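# Remarks on the overall topology
Single-letter residue listing:
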Protein chains: 2
Amino acid sequence: MFPENLMMKLSEKTPSKICLVVLDGLGGIPYNGKTELETSRHPNLDEFAANSACGTSVPVALGITPGSGPGHLALFGYNPMTYLIGRGILEALGIGLELTEFDLACRANFATEQKGIIIDRRAGRISSEENERLVKILSAAITDIDGVKVKTYTGKEHRFVVVFTGENMTDGLEDADPQKEGLPAKECIASGDSSARSARIVNAFIKKAGEALKDEKVANAVLLRGFACTPEIPKMPDLYHLSCGAFAVYPMYKGLASLVGMELVDCGQTLQSQIKALAENYGRFDFAFFHYKYTDSNGEDKNFEGKVAAIKNFDKILPEILKLNFDVVCITADHSTPAKMGSHSWHPCPVAIKSKFEPVDEVVKFTERNFSKGVLGRIWATDIMPLLLANAGKLKKFGA
Amino acid sequence: MFPENLMMKLSEKTPSKICLVVLDGLGGIPYNGKTELETSRHPNLDEFAANSACGTSVPVALGITPGSGPGHLALFGYNPMTYLIGRGILEALGIGLELTEFDLACRANFATEQKGIIIDRRAGRISSEENERLVKILSAAITDIDGVKVKTYTGKEHRFVVVFTGENMTDGLEDADPQKEGLPAKECIASGDSSARSARIVNAFIKKAGEALKDEKVANAVLLRGFACTPEIPKMPDLYHLSCGAFAVYPMYKGLASLVGMELVDCGQTLQSQIKALAENYGRFDFAFFHYKYTDSNGEDKNFEGKVAAIKNFDKILPEILKLNFDVVCITADHSTPAKMGSHSWHPCPVAIKSKFEPVDEVVKFTERNFSKGVLGRIWATDIMPLLLANAGKLKKFGA
């Protein structure tokens, strides 16, 4: 990877515009001989490939299956092995919270305790409505511990999120969760001196929560895990001298974009409203991140046909993105989500870059196997941002 | 490379089984227009390629010719530039010794000394029988120096191996060998304070050996070089949470496998007995390393036809490996040994991975040039283990 400090020196502001389109989990593996991309009809993606430099991109390292965090950070040009996003932060981003450097976030469960023993880690999977009622109780009972603000947020069923906001909040905390039923509740333990105060505050929260819930029959305890602070990460506008806009519908991707300094643009909830937002805000940004979720979600659901349909649906609106006339357009994925596996995978992702400065190759079909023969070859996901900036004329020469 | 500490966190034990077949020195370069693989008929390897993801693998770095140590360490997923195996250790492994962290090993020559001057560094290349007689004299005369156990082992002609075993033995010792005839014998010099004691013990050995051999007419001195301790290297069972079995016939490869924590399975001396051992022990290991030597040894001997025949011989028994039904099978090489060169070379090696999760490409011939068009592209040898683990479902997702 090209080092960040040099990237900061080489990049410069110019009027050119870049659009990075992420079709989440796009890559697949063959199912009855063909991948989702090989099965789907997608004439606009094929035409895009035919006019682009094509290749494949490795999200993190060969054989390594990335989560959404590392997958996106790599696309934004960050070394995903350097900048680790903890589970609590991702969970908080996933429910739409905007976080700052003063936040310590964690995942939480409502649980059932009897005589000091956790007898149900999920409190019988209470309904989300019941969860909302309980979170109101907690929110009313606990607002502040030792000068640190505490906020609780409803999730699905038994799950919720706690965010502790204050000076010097640190992670490096062990899960306050016995992980198994039949064991006593577990205190949060600091892994070192620097997190001792955070551990005390977390433990005070657990105690207060138990008191606030003591009259509940089912959900009378809380288990907290995945403690994480926001990573210290340089912002894209500083790193690349770019104004960046994020056009995403799902909270987690908005959250990731916001972590790296993008402005979140309200996109509504449909692909049409998302395109409309992109068109209306075209003039405002040097760099637009456009995120499409349904290729991934269908892959995760092992819904091969659903993923094929999601590809077709995106294909239909692609001309609306292209007619905006970005100087550089890249279509790629953060990772593969083969429907055959029903999960993220390690397989390299298709990547196509359209720019007047990239040579067009012989690839005319937008598929994994065709792209493996493209002129870009196999690159690392972290190579994509430098290539886009270079094609947009935003990178000065390195050295004399 | 994906860092070891993360690999340790991501890997997990599952019931799936992996077989890594190393056809030593398999790759070649054209001789009269065709490589050994392009000349040989090998229908089973071709069928394997047709059902695999194919590519080429760079053992260490482009242009770098690896020894057997780095070649194999890279295949086992270790950075061959981090873990260096000293010459003495490799020599000791090569004659079948099993070494521990307390061993300091070196290569040794019987030599002829006259009035303090080395007049023949190889003692007239004495016979191996003569060597055995002399090693018996040394073994009887020197068993222990200053609490350190000393053992000498016969090699071929004038060569033998010395192993010093004790607490705190260190390498970092200069060769005790003038390298040229007509110069005085040379003491072993410590490169730093930490190896001063080891140097003293080595020099005491040289002196005692000279005394024990003083009545010999030809071999009346010893020269020691390539001092090395075993490298501190994490074991594969710890790194990958795998039980590993090595199916190799040649001592050096058994030794390398044992260094990284594999269990050595007695394979007899023939390819048939090796296959039989693999079949009989199939249930015992998550990971089987199967080593075939003759592609390399014929290459080293500049025996093009011999290497072609070695490929054919392996091809015949390949179905017996495949019928065992490993979940993931990889066939590759530790380096190329082109018969045209008669030595190891830097050329990338063919690599084919067969697994239900790897996309099959259009490659149907098991040759270097066909493989360069495969879907795996060109990978590093150190990428192979992560890919095999991923395909076997043994790697958790990285990051949330």
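Throughout, a residue's number is its position along its own chain's written sequence, starting from 1. Chain labels run from A onward and ligand labels from 1 onward, assigned in the order the entries are written. Only residues with pLDDT of at least 70 get local features here, since the model is predicted, and only at 80 or more are side-chain atom pairs given and counted; chain-wide, interface and lining totals rely on the full set of residues. As a rule here, side-chain values come from all non-hydrogen atoms in the structure, and water together with hydrogens is ignored.

### Concerning the overall build of chain A
Convention followed: Where helices and strands are cited, they refer to DSSP runs of H or I of at least four residues and of E of at least two residues respectively, numbered from the N terminus. Based on C-alpha atoms, the radius of gyration is set beside the globule rule, defined as 2.2 Å times the residue count to the power 0.38. Accessibility here uses a 1.4 Å probe with only protein chains present; expressed as a share of the type maximum, an area under 20% marks a residue as buried, one over 50% as exposed, and anything in between as partly exposed. Two residues form a contact once any of their heavy atoms are found within 4.5 Å. Per-residue and other accessible areas follow the Shrake-Rupley method at a 1.4 Å probe size, with only the shown protein chains counted as cover for residues. For the purpose of counting charges, residues Lys and Arg are taken to be positive, whereas Asp and Glu are taken to be negative. His and the chain ends are not included. In this description, the location of a charge corresponds to atom NZ of lysine, CZ of arginine, CG of aspartate or CD of glutamate.
The helix and strand tally for chain A stands at 14 helices and 15 strands. Against the 2.2 N^0.38 benchmark of 21 Å for 400 residues, chain A shows a C-alpha radius of gyration of 23 Å, consistent with a compact globule. Taken over the C-alpha atoms alone, chain A extends approximately 70 × 50 × 40 Å along its principal axes. In chain A, which comprises 400 residues, the share counted as buried stands at 56%. Considering only residue pairs separated by 6 or more positions, chain A has 75% of its internal contacts joining residues 24 or more positions apart. A total accessible area of about 16,400 Å² is found for chain A, and carbon and sulfur atoms account for 50% of it. Of the side-chain charges in chain A, 46 are positive and 49 negative, and the distance between the mean point of each set is 2 Å.

### A few points about the layout of surface pockets
All names here are of chain B. What counts, and what does not: In this analysis, the protein atoms alone were mapped onto a 1 Å grid. Cavities are point sets where a 1.4 Å probe fits without being able to get out; pockets are open sets with protein on both sides within 12 Å along at least five of seven lines; lining residues have an atom within 4 Å of a point. Grid points are joined across faces, edges and corners, and a volume is the space filled by probe spheres set on the points. Side-chain classes follow a simple rule in which Ala, Val, Leu, Ile, Met, Phe, Trp, Tyr, Cys and Pro form the nonpolar group, Asp, Glu, Lys and Arg form the charged group, and the remainder, Gly included, forms the polar group.
Put simply, the largest pocket is a space of about 840 Å³. Taken together, 30 residues make up the lining of the largest pocket; nearest its centre are R87, L90, E91, G94 and M252. Mapped by element, the contributors of at least two residues to the lining of the largest pocket are helix 4 (68-75), helix 5 (87-94), strand 7 (159-165), helix 9 (251-259) and helix 11 (294-300). Here the lining of the largest pocket is built from residues that sort into 14 nonpolar, 8 polar and 8 charged.

### Side note on the interface of chain A and chain B
Buried accessible area, meaning the area lost when the parts come together, often serves as the stated size of an interface. Test applied: What counts as buried area is the accessible surface, traced by a 1.4 Å probe, that two parts surrender upon association, with contributions from both included. Any carboxyl oxygen of Asp or Glu within 4 Å of a side-chain nitrogen of Lys or Arg constitutes a salt bridge here. Any pair of N or O atoms that falls within 3.5 Å is considered a polar contact. Within protein, one atom must be able to donate a hydrogen and the other to accept it, and sequence-neighbouring residues count only if both atoms are side-chain atoms.
Counting residues at the interface gives 27 residues for chain A, matched by 26 residues for chain B. Both sides of the chain A and chain B interface together cover about 2,000 Å² of buried area, and 67% of this is carbon and sulfur. Together, A:L62, A:I64 and A:W346 form the three largest contributors to the area buried by chain A at its contact with chain B, with a combined 25%. Here chain A is connected to chain B by 1 salt bridge. The closest approach of N and O atoms between B:E362 and A:K373, which form a salt bridge, is 3.1 Å. Here chain A and chain B share 11 residue pairs in polar contact (both at pLDDT 80 or more) between them. Elements that contribute at least two residues to the side of chain A that touches chain B include exactly helix 4 (68-75) and helix 5 (87-94) of chain A. For the side of chain A that touches chain B, the leading source of residues is helix 4 of chain A, giving 3 residues.

### Things to note about the state of the cysteines
All names here are of chain A. Which entries qualify depends on this criterion: We call a pair of cysteine sulfur atoms a disulfide whenever their separation is within 2.5 Å.
Following the criterion strictly, the structure yields 0 disulfides over all chains and no others. Summary of cysteine pairing: C244 is not part of a disulfide, and the nearest cysteine sulfur, belonging to C19, is at 12 Å. For C244, a relative accessible area of 4% corresponds to the buried category.

### Brief notes about the relation of the copies chain A and chain B
For clarity, the cut-off: Residues below a pLDDT of 70 in either copy are left out; the C-alpha atoms of the rest, at least 70 in both, set the least-squares superposition of the copies.
In screw terms, the move from chain A to chain B is a rotation of 122 degrees and a rise of 0.3 Å along the axis, fitting with an RMSD of 0.2 Å. What the rotation and shift describe, once combined, is the action of a three-fold rotation axis. In this assembly the copies use different faces: only 4% of the residues contributing to the interface of chain A also contribute to that of chain B.

### Some details on the confidence of the model for chain A
For the record, the criterion: Known as pLDDT, the predictor's confidence for each residue is given on a scale from 0 to 100.
Per-residue pLDDT for chain A averages 95, and the proportion of residues at 70 or more is 100%. Listed scores for the predicted complex are pTM 0.90 and ipTM 0.89.

### Remarks on the sheet that holds strand 14 (residues 349-354) of chain A
In a beta sheet, neighbouring strands are held together by backbone hydrogen bonds and run either parallel or antiparallel to one another. Residue and element names in this part refer to chain A. Rule in force here: If DSSP finds at least two bridges between two strands, the strands pair. Angles here are taken between N-to-C directions and fall from 0 to 180 degrees, while the axes themselves are lines fitted to C-alpha atoms, restricted in helices to the stretch in contact.
Reading across from one edge, 11-10-12-1-13-14-2-15 is the order of the 8 strands in this open sheet, with mixed pairing throughout. With one partner strand each, in any of the chains shown, strand 11 (263-264) and strand 15 (377-380) form the two edges of the open sheet. The sheet contact formed by strand 10 (residues 244-247) and strand 11 spans 2 bridges and is parallel. Note that in strand 11 the partner of G245 across the bridge is E263. Across the sheet, helix 4 lies against strand 1 (18-23), strand 12 (287-292) and strand 13 (328-332), angled at about 155 degrees from strand 1, the strand it touches most. In this fold helix 12 (residues 304-322) packs onto strand 1, strand 12 and strand 13, with an angle of close to 160 degrees to the strand it touches most, strand 12.

### Focus on empty space enclosed by the protein
Considering all chains together, one arrives at 7 cavities of 30 Å³ or more under this definition. Roughly 220 Å³ of volume is contained in the largest cavity. Lining the largest cavity are 17 residues; nearest its centre among them are A:H347, A:P348, B:E358, B:P359 and B:V375. Across the lining of the largest cavity, the residue classes tally to 8 nonpolar, 5 polar and 4 charged. The computed volume of the second largest cavity comes to approximately 100 Å³. Of all the secondary-structure elements, those providing two or more residues to the lining of the second largest cavity are helix 1 (4-10), helix 8 (236-240) and helix 14 (381-391) of chain B. Considering every element that reaches the lining of the second largest cavity, the biggest residue donor is helix 14 of chain B, with 3 residues. When grouped by side-chain class, the residues that make up the lining of the second largest cavity number 9 nonpolar, 2 polar and 2 charged.

### Some remarks on the nonpolar core
Under the convention used in this document: Each nonpolar core is a collection of buried residues, namely Ala, Val, Leu, Ile, Met, Phe, Trp, Tyr and Cys, held together in the definition by side-chain atoms within 4.5 Å.
Grouped together as the largest cluster of nonpolar side chains are 66 residues, with contacts concentrated most on A:I64, B:F2, B:Y78, B:M236, B:M262 and B:F287. Apart from the residues within four sequence positions on either side, B:F2 is in contact with A:V60, A:A61, A:I64, A:M81, B:M7, B:L10 and B:F398. Within the second largest apolar cluster, 51 residues are counted, among which are A:M7, A:Y78, A:A105 and A:L259.

### Focus on helix 7 (residues 196-212) of chain B
Residues and elements named next belong to chain B. Threshold: Take the number of residues in a helix, subtract one, and multiply by 1.5 Å to get its expected span.
For helix 7, spanning 17 residues, the distance from its first C-alpha to its last is 24 Å, which sits close to the expected 24 Å at 1.5 Å a residue. Along helix 7, the residues classified as buried are S198, A199, I201, V202, N203, F205, I206 and A209. Buried residues in helix 7 make contact with strand 3 (103-114), helix 6 (128-141), strand 5 (144-145), strand 6 (148-154), strand 7 and strand 9 (221-229).

### Brief notes about the sheet that holds strand 13 (residues 328-332) of chain B
All names here are of chain B. Pairing in this open sheet of 8 strands is mixed, and the strands run 11-10-12-1-13-14-2-15 from one edge to the other. Two strands bound the open sheet, and with one partner strand each, they are strand 11 (263-264) and strand 15 (377-380). As defined by bridge partners, strand 10 (residues 244-247) adjoins strand 12 (residues 287-292) across 4 bridges and the pair is classed as parallel. Within the sheet, the bridge partner assigned to F247 lies in strand 12 and is F290. Contacts from helix 3 (residues 43-50) reach strand 2 (53-58), strand 13 and strand 14 (349-354), with the element oriented near 120 degrees to strand 13.

### Things to note about unusual backbone geometry
Residues other than glycine seldom take positive phi values, yet A:N32 does so here, at roughly 50 degrees. Judged by its relative accessible area of 76%, A:N32 is exposed. Phi at B:E157 is positive, roughly 50 degrees, even though this residue is not glycine. Residue position: B:E157 is located in the loop between strand 6 and strand 7. The partly exposed category is assigned to B:E157, whose relative accessible area is 30%.

### As for the environment of A:M169
Residues and elements named next belong to chain A. Assignment of secondary structure puts M169 in the loop between strand 7 (159-165) and strand 8 (183-184). For the pair formed by M169 and S194, sequence separation is 25 residues and the distance between their alpha carbons is 9.2 Å. Apart from residues lying up to four places away in sequence, M169 is in contact with F102, L104, V148, F164, R197, S198, I201 and C229.

### Side note on the packing of helix 10 (residues 271-280) of chain A against helix 12 of chain A
Residue and element names in this part refer to chain A. Counted only if it meets this: Oblique is the label for every angle not falling under 35 degrees (roughly parallel), over 145 degrees (roughly antiparallel), or within 65 to 115 degrees (roughly perpendicular). If you view the pair so one helix is near and one far, a crossing is left-handed when the near helix is turned anticlockwise from the far one by less than a right angle, and right-handed when it is turned clockwise.
Running from N to C, helix 10 and helix 12 cross one another at 15 degrees; their axes reach a closest spacing of 11 Å. By the criterion of interaxial angle, the relationship of helix 10 to helix 12 is roughly parallel. Considering only the axes of helix 10 and helix 12, their crossing is right-handed. For the pair helix 10 and helix 12, the contacting residues are L271, Q272, I275 and L278 in the first and N313, F314, I317, E320 and I321 in the second. Tallied by class, the residues present in the contact of helix 10 with helix 12 amount to 6 nonpolar, 2 polar and 1 charged.

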